Amino acid sequence: MTTRQLLVLDFSGVLSLEAVCFGAPDRLEQALRQSGLWDAGVTVERYWNDLVAPTWDIGSTTRTPYAHLMAQHITAPHLSADEVRRRAERFVQFYLQASVIDPVWRSLFVALRTDEGVTILVATDHYAEATDHIARQIAAMEWCVAALQVDETGKVLQQRVAVAGGASQSSRAVLLASSADLGARKTAPLFWQRVQRGAALQPQHILVIDDFGANENLLDPYADPASVQRRQAQTIAAICEAFGASVQTHAFVLDRAVTDAAALLSAYRAQVEAVTARVMGTRL
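Given the structure is predicted, the values throughout are model-derived calculations rather than measurements. (Residues numbered from 1 in each chain as written. Predicted model: local features only at pLDDT ≥ 70, side-chain atom pairs only at ≥ 80, totals over all residues. Heavy atoms only, no water.)

With respect to the packing of aromatic side chains
Counted according to the given criterion, the structure contains ten aromatic pairs. Seen from their ring centres, Phe191 and Trp192 are 4.9 Å apart, and the 70 degrees between their planes marks the pair as edge-to-face. Judged by centre distance (5.6 Å) and plane angle (70 degrees), the ring pair of Phe252 and Tyr268 falls under edge-to-face. Here Phe252 is found in the loop between β7 (246-251) and α12 (261-282), whereas its partner Tyr268 is found in helix α12, with 16 residues between them in sequence. Across the pair, Tyr268 and Phe252 agree in class, each one buried. Here the aromatic residues Phe22, Tyr47, Trp48, Phe91 and Tyr95 are joined through ring pairs into a cluster of three or more. (Phe/Tyr/Trp six-rings, centres within 6.5 Å; stacked < 30°, edge-to-face > 60°. Helix = DSSP H or I, 4+ residues; strand = E, 2+ residues; numbered from the N terminus. Buried < 20%, exposed > 50% of the residue type's maximum accessible area, 1.4 Å probe, protein only.)

Notes on the pattern of salt bridges
Evaluated as defined, the whole model comprises 14 salt bridges. Residues Asp50 and Arg46 are paired through a salt bridge, measuring 3.5 Å at the closest nitrogen-oxygen approach. In this pair, Asp50 and Arg46 both sit in helix α3 (residues 44-52), four residues apart, roughly one turn of the helix. The class for Asp50 is partly exposed, based on a relative accessible area of 36%. Close ionic contact of Glu83 with Arg87 constitutes a salt bridge, the shortest N to O distance being 2.8 Å. Of the two residues, Glu83 and Arg87 are both situated in helix α6 (residues 81-98); the distance of four residues between them amounts to about one turn of the helix. The class for Glu83 is buried, based on a relative accessible area of 19%. One network of salt bridges, with partners in common, ties together Glu83, Arg86, Arg87 and Arg90. (Salt bridge = Lys/Arg side-chain N within 4 Å of Asp/Glu carboxyl O.)

As structure tokens, this is what we get:
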């Protein structure tokens, strides 16, 4: 299907500021304590170094649950394996509950609901548990959601995972592509090849709104500036290779020197408003 424009939106750090703010040391420690993982020996530093870093490759490219991977890397002799898993699952729920789409995006989603020339794709490197959660977040803005998933034969299917606001199954949908469902991250040509096959789209123009990991917590190796720069170049090259269309990029990067929560939210929402204006301008 030919579409005038494919609008590619990242999730954590772009659609959801809270998803990355969750990783701030004080908030992360609170979640670790409330989930019980702190009592299992998981400090903030250990979380990033011993749980996230060694599990990210598998967690972001397979359907293995994030909580399961975490539990495998936690040694707590005073707790049973089932109890460790339950605590890991509670922590993941805290993370997902914090990962909300900021309300400032609603105006863009509302404006594009009747514009059949623009297809929205939410593309994210994420864990398996995130797919249903993100779908519900999108559905709350009264869109249907079609998640792209690879079956056992390698075929890419569109799975309708959420319907809200009285929309029918035949209504236009936001496409959702997660690395855990597609078996590759966004830097890989395979990710975008599978997106292209599953979405069956031939866009004339692609606009990518992504932070490429720059907005993640600085304790997370994912936010390393050299890695961010490399990730951006690889992602855009992979998109161009898969679609063969013109690609424009809006690097949605926040000023990391801003530490005040209110100021950060204000800067974030100003960027969203700028993005909304840009999208509305290019769709005419």
